[in-house]
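# Secondary and tertiary structure notes
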Amino acid sequence: MSAERAGTLPLASEQHIVAARQTVRTLCQTLKLSLVDQTKMVTAASELSRNTLIHGGGGRMRWELVEAGMRQGLRLHFEDEGPGIADIAMAMTDGYTSKSGMGLGLPGSKRLVNDFMIDSAPGQGTCVSITKWK
């Protein structure tokens, strides 16, 4: 793993989702996160990458290694220019799905990470940011 502290990956195909998962696993290993925390972060990244592709029509995953005091972490941003989310509260409800999925992507991802933020509006795309702290 290079010493890069930030980067961007496209999310425009199934292969990009696989690449995003691999990148997140490598970054988690670089931070020496526990295997459980690595699995949580890779799972959340997989769900959010898929949402970016399916619901947002593709986009990107930006990543950054972050520090807050003595803590180190990995922050991921999943960004698209898709239709946006009209009702974020509804989208964060377990079981809600706007397509044919299981409706676990957003609320499930939130439960897997330490920090979760979503910014979206109809016609303005979506950005979901997640952080896992060591």
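Here the structure is shown first, and the text comes after it.
Read on for an overview of the structure. (Residues numbered from 1 in each chain as written. Predicted model: local features only at pLDDT ≥ 70, side-chain atom pairs only at ≥ 80, totals over all residues. Heavy atoms only, no water.)

## Overview of helix α4 (residues 105-112)
When we look at burial in α4, the residues that qualify are G105, L106, P107, G108 and S109. Those residues of α4 that are buried lie in contact with α2 (35-54), α3 (88-91), β4 (115-120) and β5 (126-133). (Buried < 20%, exposed > 50% of the residue type's maximum accessible area, 1.4 Å probe, protein only. Helix = DSSP H or I, 4+ residues; strand = E, 2+ residues; numbered from the N terminus. Contact = heavy atoms within 4.5 Å.)

## Considering the pattern of salt bridges
Taken as a whole and assessed by the stated rule, the structure comprises six salt bridges. One salt bridge in this structure joins K132 and D37, with 3.5 Å as the shortest N-O distance. Of this pair, K132 sits in strand β5 while D37 is found in helix α2, placing the two residues 95 residues apart along the sequence. With respect to class, K132 is no different from D37; both count as buried. With a shortest N-O distance of 2.8 Å, R62 and E79 are connected by a salt bridge. With R62 in strand β2 (residues 59-68) and E79 in strand β3 (residues 71-80), the pair connects residues that are 17 residues apart, well separated along the chain. Residue class for R62 comes out partly exposed when judged on its relative accessible area of 32%. Overall, E79 belongs to the buried group, its relative accessible area being 14%. Shared partners join several salt bridges into a network, and the residues in it are R60, R62, E79 and E81. (Salt bridge = Lys/Arg side-chain N within 4 Å of Asp/Glu carboxyl O.)

## Focus: the sheet that holds β5
Backbone hydrogen bonds hold the strands of a sheet together, and the pairing may be parallel or antiparallel. Spatially, five strands are ordered β1-β2-β3-β5-β4 in an open sheet, and the strand pairing comes out antiparallel. Lying at the two open borders of the sheet, with one neighbouring strand each, are β1 (6-11) and β4. Each strand of the sheet is rotated relative to its neighbour by a mean of 15°, with strand direction disregarded. Both β1 and β2 contribute to a ladder of six bridges, which runs antiparallel. Bridge pairing in β2 links G7 to W63. Along the sheet, helix α1 (residues 14-30) contacts β1, β2 and β3; its crossing angle with β1, the most-contacted strand, is approximately 160°. Lying on the sheet, α2 is in contact with β1, β2, β3 and β5; it crosses β3 at an angle near 15°. (Pairing = 2+ DSSP bridges. Axes fitted to C-alpha atoms, helices over the stretch in contact; angles between N-to-C directions.)

## Here we look at unusual backbone geometry
Positive phi is not limited to glycine here, since K32 has a value of about 60°. Tracing the backbone through its elements, the reader meets K32 in the loop between α1 and α2. Residue K32 is classed as exposed on the basis of its relative accessible area, which comes to 63%.

## Describing the nonpolar core
Inside soluble globular proteins, nonpolar side chains tend to come together where they are buried. Ranked by size, the top nonpolar core spans 26 residues in total, and within it V24, L74, L76 and I130 carry the most contacts. Here this core takes five residues from α2, the largest share from any one element. What V24 contacts, discounting residues up to four positions off in sequence, is M41, V42, A45, M61, L74 and L76. (Core = buried A, V, L, I, M, F, W, Y, C linked by side-chain atoms within 4.5 Å.)

## Here's the deal with the packing of α2 against α4
Relative orientation of the contacting elements α2 and α4 amounts to 155°, with a least axis distance of 9 Å. Accordingly, the angle class assigned to the pair α2 and α4 is roughly antiparallel. The hand of the α2/α4 crossing is left-handed. Mapping the contact onto sequence places K40, T43, A44, E47, L48 and N51 in α2 and G105, L106, S109 and L112 in α4. (Parallel < 35°, antiparallel > 145°, perpendicular 65-115°, else oblique. Left-handed = near helix turned anticlockwise from the far one by under 90°.)

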